[in-house]
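This is what each chain is made of:
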Amino acid sequence: MTFSENKPLEQWLAQETPETVLEPELPIIDPHHHLWDLRTSNIEPTASFRQKVYFCEEITNDIQNGGHNIMQTVFAQCGAFYRADGPDAMRCVGETEFVHGIAAMSRSGMYGTTRLCTGIFSTADLRAGKEVEPVIQAHIAASENFRGIRSAFPRNLNREFLEGYAVLGKYHLSYDNYSPDYERLPTLARLAGKNPEVPVIVNHLGGRVDPDAAPDAIKRWQDCIDAIAACPNAVMKVGGAQQRVGPWEPPFHMHRRDRPIGSEELCELLYPYYLYVIDAFGPDRCMFESNFPVDKECVSYRTLWNAFKRIAAKAGLSEAEKTQMFSGTAARVYRL
């Protein structure tokens, strides 16, 4: 099925000449993608996303047309299909229920060999303290693939939030986090230190990545990366730099280019950022991610994974290190 609301983005991406797939046999786990229906959304940032509908068939098409060896994927929280009734705190469980259905569709084999959503992270309001436990239990009951949550955190890491956060450790769950503001990473590092048993998964290179940033801003980003990298229970999702953040758009966004960017150009443009986090965390605590369909506004699925493979080659990663970044870290952290 083709949704008319997706056509502007599809037409822009269709202008690229498909690249030859690099290392097509390399096994990949994509540890961060979304699924949604935004056709009636009027809340930012989702209201402005150009891919309005992204279900099982849409991501399968991206994977199959991309030509890379995507073995499994992990669904990332995005506020999709919350329940319309019931207690407010429990409505977020609808997202896990929805994604579990997509995982079941994928497991049937009708949509190809890639196993979609073998890991799921949704959300819960940890500010409720110990009262969040029934919500966590409901997520676990909703899917055997549920692995953790993504949420914001208070700057003062107050008692109620920390009590809620401790519930994640009780159930052996992980904590994903993203904010465009990388200045929050030192606080995230303090949170990671308070509960070393909880894996902390930093999304999208830790914050907004601007290829045109001033040297002092880059240095501050590096300092913040170093703070969270010092936590042994923290890992980094190496990707998400190809996205629009609010009204800010990277120079390769579809609104700023007539044709999509190629993998060589993208690699050269963002390589210093990618290399810094790989060096800071080490390949065994890094995982490449697509962040689709958010990053789809800037690059095709095929080209993005080609860019990651170019980054790995330019960084001189060994075969063992590549295995970690393309599949091993994700499999370990999300218990796939």
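Just so it is clear, the structure is predicted and the values come from calculations on it, not from any experiment.

Conventions and cut-offs
- Note that residues are indexed from 1 along each chain, following the sequence as it is written.
- Reporting in this predicted model follows two pLDDT cut-offs: at least 70 for local features of residues, and 80 or more for side-chain atom pairs to be given and counted; totals over whole chains, interfaces and linings ignore these cut-offs and use all residues.
- The basis for the side-chain values is all heavy atoms of the structure; hydrogens and waters are excluded.
- Secondary structure elements follow DSSP: runs of H or I no shorter than four residues count as helices, runs of E no shorter than two count as strands, and numbering proceeds from the N terminus.
- Relative accessible area decides the class of each residue, using a 1.4 Å probe on protein chains only: under 20% of the type maximum gives buried, over 50% gives exposed, and in between gives partly exposed.
- Here, residues are in contact when the closest pair of their heavy atoms is within 4.5 Å.
- Put simply, a nonpolar core is a bunch of buried Ala, Val, Leu, Ile, Met, Phe, Trp, Tyr and Cys residues held in one set by side-chain atoms that sit within 4.5 Å of each other.
- A side-chain nitrogen of Lys or Arg and a carboxyl oxygen of Asp or Glu constitute a salt bridge if their distance falls within 4 Å.

**Some details on the side chain of T187**
Working step 1: Here T187 is to be found in helix α6 (residues 185-194).
Working step 2: The class of T187 is buried, set by a relative accessible area of 17%.
Working step 3: In this structure T187 touches F153, P154, R155 and L157, once residues within four positions along its chain are discounted.

**Digging into the nonpolar core**
Working step 1: Grouped together as the largest cluster of nonpolar side chains are 88 residues, with contacts concentrated most on Y175 and F288.
Working step 2: Listed in part, the ten residues of the second largest apolar core include A76, F121, V333 and Y334.

**Quick notes on helix α2 (residues 56-66)**
Because an α-helix completes one turn every 3.6 residues, residues spaced three or four positions apart along the sequence face the same direction.
Working step 1: What α2 keeps buried is the set C56, E58, I59, T60, D62, I63 and G66.
Working step 2: Where α2 is buried, its residues meet β1 (27-33), β3 (53-54), β4 (69-76), α3 (93-107), β5 (115-122) and α9 (301-314).
Working step 3: Looking one or two residues beyond α2, the residue adopting positive phi is G67, at roughly 85°.

**Topic: the pattern of salt bridges**
Working step 1: If you walk through the whole model with that rule in mind, you get 19 salt bridges.
Working step 2: With a shortest N-O distance of 2.7 Å, R39 and D37 are connected by a salt bridge.
Working step 3: Classification of R39 as partly exposed rests on a relative accessible area of 39%.
Working step 4: With a closest N to O distance of 4.0 Å, R310 and E264 form a salt bridge. Taken together, the positions of R310 in helix α9 and E264 in helix α8 (residues 263-281) put the pair 46 residues apart, joining distant regions of the chain.
Working step 5: Judged by its relative accessible area of 27%, R310 is partly exposed.

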